[in-house]
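# Coordinate analysis (summary)
Given next are the chains, with one letter for each unit.
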Amino acid sequence: MDLNIKGIIPPMVTPFLENGELDLIGLNNLIEHLINGGVHGIFLLGTNGEGPSMPYKLRKQLIEEACKIIDKRLPVYVGITDSVLEYSVEIAHVAKDAGADVVVVAPPYYFPLGEEELEVYFEELIKQLPLPFVLYNMPSCTKIDLSIEFVKKFRKLGALGIKDSSGDLDYLQSLTKAFKDDPEFSIMVGTELYIPETIMAGGHGSIAGGANFYPELFVAYYNASVAKDKERLELLRKEVALLYETIYAVGDQFSRFTKGTKGALSVLGICEDHMLPPLKRFNDDERALLAKYISEYKKKNILNELSPWHS
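Now for a quick tour of the structure.

Reading the values: the criteria
- Residues numbered from 1 in each chain as written.
- Predicted model: local features only at pLDDT ≥ 70, side-chain atom pairs only at ≥ 80, totals over all residues.
- Heavy atoms only, no water.
- Helix = DSSP H or I, 4+ residues; strand = E, 2+ residues; numbered from the N terminus.
- Buried < 20%, exposed > 50% of the residue type's maximum accessible area, 1.4 Å probe, protein only.
- Core = buried A, V, L, I, M, F, W, Y, C linked by side-chain atoms within 4.5 Å.
- Contact = heavy atoms within 4.5 Å.

The linkage connecting P277 with the following residue, P278, adopts the cis geometry, with an omega of 15 degrees. Take P278: it is sitting in the loop between α11 (256-267) and α12 (284-300). For K143, which is not glycine, the phi torsion reads 70 degrees and is therefore positive. Position of K143 relative to the elements: it lies in the loop between α5 (139-142) and α6 (148-156). The backbone of K228 sits at a positive phi, close to 55 degrees, despite the residue not being glycine.

Next up, the structure:
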């Protein structure tokens, strides 16, 4: 499969049953929803996918079942980050055997590593990987921000790209400037509002959590950025910004982004919003507020040429 990493790649939520088992019907519904929405790939076991909370048996089942459903229609990216190097390698091999295309690696969580220590760790990890890899900069969860020099080093060691979820526009612009002469190194942004800035500076797309429930919006946002369609971008940016004021603003915990994303899918009837500890789904009042926001979006439907919400 062509691994030209670009466009909109949702960090897919993982549908669970109330007992914590994988919801296979919800998984199928969600994957078809994403594919029908025009996304360019699917990322399993990321933050929105609750990867770090999942037992290894469940992670393996998700990878295998998702790859069967996707059936090579889109590239599949699998997060393998763990506090144990051996487990990261093990999941990478599961991903390869299931038919995934790329693994995504962030610094191991818990210990506040220095960059020198992290380089030694990554060098050992990538020697054992059976698939191409993408770097993942997520300092809020890993306690370390990948420097531009670090990224350059691991580009030379085979990295295909980087997902930046730092939320730091200056850092993002430094990345695009550093790799402007290397168009085959993909720079993917996690902060959804920054999609136009990323594309216009030479970046390649977004691993956008909101694309789980509203894939058409984010694909349109990406396409308008590539086309430099200022009028359409202004309309789409307002719609994306509104997500931050509504769906992402329910609750007062940082986990509200993941919970809001999964809750929106539940309101839309795509999958349930059950979560694994330590996360838990919204309470009844919060879920009612989320349903109100979704209803308002459906009535407004400012993008008449799209059909983003299921009736």
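Glancing now at the environment of H33. The residue H33 is located in helix α1 (residues 24-36) in this model. Judged by its relative accessible area of 5%, H33 is buried. Distance in space between the C-alpha atoms of H33 and N212 is 8.3 Å, their sequence separation being 179 residues.

If you look at the biggest cluster of nonpolar residues, it comprises 90 residues, and the most contacted ones within it are V78, L135, F218 and I247. Counting 12 residues, the second largest nonpolar core, distinct from the first, contains Y77, M138, M188 and I207.

Turning to its location among the elements, N48 is positioned in the loop between β2 (42-44) and α2 (56-70). Aside from chain neighbours lying at most four places away, what touches N48 is P11, M12, V13, T14, G209, F257, T258 and T261.

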